[in-house]
Amino acid sequence: IRKESMLEAYDISEEDYDNYLSYFDPIASLVAITKKNIQQALQLNLRTRDITELRSGEDIDDDSLVNVKIDGKIFKEQILPGKFRWRISLIIDVSGSMSEQGGVKITAAIQTALLYAEALSQIKDVEFEIVAFASGERAYIPIKIYKEKWNLQRACELVKKCFPQGGTDDVGAV
């Protein structure tokens, strides 16, 4: 019953869900380590910024006043809600050449996109998009735009939209 209600809530067919699982299950155990590696690469916990202009008395970091003569860093950084420090684009080639080698390339591309999307969706201060490209009418295929939340519906849509066809028009997609 849970599976049926989940599929209904996200408006996903059982076939699309099973197809998604065939790509996701082999990489599901890698999400946590991928998240950790991305966080380290982006250095989210280490990012600092010095503000050198006095805007108001509220900008002064009281704990840093003792350092005025030493380094002059006495101002706080304010991170506003709704602002992201990082914006990442995942771009997937779905041109005909991705079907070569029995579909190994497109399978790897889909699994990589799913892995990174799952990991990125769990990192604070990161916003991401996913697009695919080929040629002609399929030159640019939006799968998830920045403002959208990553969820099961988006994951199933990624798997469904990423089928190799046509040539490569990477310039047109970008």
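Below is a summary of the structure that appears in this document. Along each chain, residue indices are assigned from 1 in the same order as the chain's sequence is written. Residues qualify for local features only when their pLDDT is at least 70, as the model is predicted, and side-chain atom pairs are given and counted only at 80 or more; totals for whole chains, interfaces and linings, by contrast, use all residues. Side-chain numbers here rest on the full set of heavy atoms in the structure, without hydrogens or water.

We now examine the sheet that holds strand S1 (residues 86–93). Strands are labelled as partners when DSSP assigns at least two bridges between them. A run of H or I in DSSP counts as a helix once it spans at least four residues, and a run of E counts as a strand once it spans at least two, with each numbered from the N terminus. Taking strand neighbours across the sheet as the criterion, the three strands line up as S1-S2-S3 in an open arrangement whose pairing is mixed. Looking along the sheet, the strands with just one partner apiece sit at the ends: S1 and strand S3 (141–144). Between one strand axis and the next, the sheet turns through 25° on average, direction left out of account. Sheet analysis places S1 next to strand S2 (residues 126–133), joined by eight bridges and oriented parallel. Paired with Leu90 across the two strands is Ile130, which belongs to S2. Whether two residues are in contact is decided by their heavy atoms: any pair within 4.5 Å suffices. For every element, the axis is a line fit to its C-alpha atoms; helices are fit only across the contacting stretch, and the angle between N-to-C directions ranges from 0 to 180 degrees. Against the sheet, helix H4 (residues 104–120) makes contact with S1 and S2, and its axis sits at roughly 165° relative to S1, the strand it touches most.

What describes a pair of aromatic rings is the distance from one ring centre to the other and the angle between the planes of the rings. Side-chain rings of Phe, Tyr and Trp, where Trp is taken by its six-membered ring, are said to pair if the distance between their centres is within 6.5 Å; with planes under 30 degrees apart they count as stacked, over 60 as edge-to-face, and otherwise as tilted. Throughout the structure, instances matching the rule amount to three aromatic pairs. One aromatic cluster in this structure is built from Tyr17, Tyr20 and Phe24. Lying over the aromatic face of Tyr146, Arg87 brings its terminal NZ or CZ to 3.8 Å of the ring centre. Two conditions define a charge sitting above a ring: the NZ of Lys or the CZ of Arg must be within 6 Å of the ring centre, and it must be within 35 degrees of the ring normal.

The subject of this paragraph is the nonpolar core. Working definition of a nonpolar core: buried Ala, Val, Leu, Ile, Met, Phe, Trp, Tyr and Cys residues. They are joined through side-chain atoms within 4.5 Å. A simple rule labels every residue: compare its accessible area, found with a 1.4 Å probe on the protein chains alone, to the largest value its type can have, and call it buried under 20%, exposed over 50%, or partly exposed in between. Counting 39 residues, the largest nonpolar core has Tyr20, Ile92, Leu114, Ile130 and Leu158 as its most contacted members. Elements with a minimum of two residues in this core: helix H2 (14–24), helix H3 (31–42), S1, H4, S2, S3 and helix H5 (152–161). With nine residues, H4 is the largest single contributor of residues to this core. Apart from the residues lying within four places of it in its own chain, the contact partners of Leu114 are Tyr20, Tyr23, Phe24, Ile27, Trp150, Ala155, Leu158 and Val159.

This part takes up the environment of Ala32. Summarising the element assignment, Ala32 is placed in helix H3. Along the chain, Ala32 and Glu118 lie 86 residues apart, while their C-alpha atoms are 9.1 Å from each other.

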